[in-house]
Structures are given as C-alpha cells and as structure tokens.
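# A closer look at the structure
The primary structure of each chain is shown beneath.
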Amino acid sequence: LLAGLPYDDAVACAEELTDAGLLQSDAAAERYRFHDLLRLYAAEQVAIEDGPEIRDAALDRTARWMLRRATAAALHFDVEHEGSPPGGAHDGDPEPHGDPDPDGAPAGREEARAWLEAERAQWLAALRRAHETGRHQQVLDTAQARHWFSDINQHWEQWVEVFQRSAESARLLGSRRDEAIHLNYLAWSYN
C-alpha cells in the first residue's frame, strides 16, 4: 500500500526483504515490521530520496485504506447499516466507503471486533492524519460509524480523541447538526 504496488508484488518484496533480514515477519498480526534502528534509517532515506510529497502521498493512501477498513468493520455494530456501508465519496476521494479489500475484510461482528481492537493504534493514527490534512468528511464518517462500537469498547481516552476530532471536523464543515451529534458522543465519552 505505501509503495503503491499490487498486493502480490508487495508481498513478494516484503518476503525478499525478510529473507535478507531487513524486515521481521509477524504472522499472527499478518504484517511485517522493521527493527527500530532500521526503521529510523528508512525514514531518513525516504526524506532524502523521495521527499515530503511522495512520503505524504504514501501516508495518505495508507490512512484512506485504514479508515475505509475500520469504518466498514465498525458498521457491523450498527444494526441500520450492517453489511451496507454508506455510499458516496468524501473530500475529493473517489473511492467508496466500503471495505478496500472485501476478500480480506473481517466477516461478522466477532472478526470485526478483533480487527478493530488489534488495529486500534493504526486506525487512530489514520484518523489523526485525515483530520490534520483536512479530510474532515472522512473523519466525520469514520467517527459516526464507530459510535456504536464505542459502546462495547471502553477505551475512554481513545473515544474522547475520536469524538473531539469529529466534532471539530463537523464544525469546520459548517454542519451544526453533525457538530451537535458528535459533541453528544464526546460528552458520553467523558461520562
């Protein structure tokens, strides 16, 4: 995803880097990771070789994918939307709200819950990125989809941040109605 490669090509590259000892495979989490020192070196190289435009585009692709997956997973907990994510596009993003990889998507509430819990740090970072880069409709849609999930997941500090960002995004979009709804979610989080 970050490299903009097709999935099979990305897996082949990741396996090659793993074989060379440059990546560490975590089969349980279905991901690869750098050793801390190698991650720092890679970040320096991206800054030198690619520059901020290419880095930011890769981070935005990753954030969009993560938020689309997290939104689709969270909708498993909303009876009105289960199995049918809202349509449309947001903030100039032509992609629909549905899961970006339906074949690999969590199936059912238990898988969705496990995925949302396991990927909490990643989807929260993606939400921050979307908010900081002005993709406010995406922040609003993502938070709206998560409000039912937040009832069964009591990471209060996480929900305070989610709903602070969504209320601010609603305000910046000029939607007083959505701002009031998300301020209500925020008040619930504080309670």
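Residues numbered from 1 in each chain as written. Predicted model: local features only at pLDDT ≥ 70, side-chain atom pairs only at ≥ 80, totals over all residues. Heavy atoms only, no water.

## Quick word on the pattern of salt bridges
Here the structure, examined in full by the defined rule, presents 11 salt bridges. A salt bridge links Asp-56 to Arg-55; the shortest N-O distance between them is 2.9 Å. For Arg-135, the salt bridge is made with Asp-60, and the minimal N-O distance between the two is 3.4 Å. Linking Arg-135 in the loop between helix H4 (120–132) and helix H5 (136–150) with Asp-60 in helix H2 (residues 36–74), this pair joins segments that are 75 residues apart in sequence. Just as Arg-135 is buried, Asp-60 falls in that class too. Here the salt bridges do not stand alone but share partners, grouping Arg-55, Asp-56, Asp-60, Arg-129 and Arg-135 into one network. (Salt bridge = Lys/Arg side-chain N within 4 Å of Asp/Glu carboxyl O. Helix = DSSP H or I, 4+ residues; strand = E, 2+ residues; numbered from the N terminus. Buried < 20%, exposed > 50% of the residue type's maximum accessible area, 1.4 Å probe, protein only.)

## Digging into the nonpolar core
Core analysis: the largest hydrophobic core is formed by 26 residues, its most contacted members being Trp-115, Leu-116, Trp-123, Leu-127, Trp-159, Val-162 and Phe-163. In terms of residues, this core owes the most to one element, H2, which gives six residues. Excluding its chain neighbours within four sequence positions, the residues that come into contact with Trp-159 are Trp-123, Arg-146, Phe-149, Ser-150, Asn-153, Trp-188 and Ser-189. (Core = buried A, V, L, I, M, F, W, Y, C linked by side-chain atoms within 4.5 Å. Contact = heavy atoms within 4.5 Å.)

## Examining helix H7 (residues 176–190)
Since there are 3.6 residues in each turn of an α-helix, residues three or four apart along the chain are aligned in direction. Taking 1.5 Å of rise per residue, the 15 residues of H7 would be expected to cover 21 Å, and the 21 Å separating its terminal C-alpha atoms lies within 8% of that figure. All buried positions along H7 are accounted for by Asp-178, Glu-179, His-182, Tyr-185, Leu-186 and Ser-189. The arc that holds the buried residues of H7, viewed along the axis, is 125°, so those residues lie on one side. Exposed side of H7, more than 90 degrees from the buried face: Arg-176, Arg-177 and Asn-184 are the residues found there. Contact partners of the buried residues in H7: H5 and helix H6 (156–173). (Expected span 1.5 Å × (residues − 1). Arc of directions from axis to C-beta.)

## Looking at the packing of H2 against H5
Helix-helix packing is described using two parameters, namely the angle between the two axes and the distance between the axes. Where H2 contacts H5, the two axes come as close as 8 Å, and the packing angle between them is 30°. Taken together, the axes of H2 and H5 are roughly parallel relative to one another. The two elements H2 and H5 cross, and the hand of that crossing is left-handed. Here Arg-64, Leu-67, Ala-70, Thr-71 and Ala-74 of H2 come into contact with H5, specifically with Gln-138, Asp-141, Thr-142, Ala-145 and Arg-146. Residues that form the contact of H2 with H5 fall into these classes: four nonpolar, three polar and three charged. (Axes fitted to C-alpha atoms, helices over the stretch in contact; angles between N-to-C directions. Parallel < 35°, antiparallel > 145°, perpendicular 65-115°, else oblique. Left-handed = near helix turned anticlockwise from the far one by under 90°. Nonpolar A, V, L, I, M, F, W, Y, C, P; charged D, E, K, R; others polar.)

## Side note on the packing of H5 against H7
Running from N to C, H5 and H7 point in directions that differ by 40°, and their axes come no closer than 11 Å. In terms of orientation, H5 and H7 fall into the oblique class. Judged by the sense of rotation from one axis to the other, the crossing of H5 with H7 is left-handed. Counting all contacts with H5, which are made through Leu-140, Ala-143, Gln-144, His-147 and Ser-150, the residues of H7 involved are Asp-178, Ile-181, His-182, Tyr-185 and Trp-188. Broken down by class, the residue content of the contact of H5 with H7 amounts to five nonpolar, four polar and one charged.

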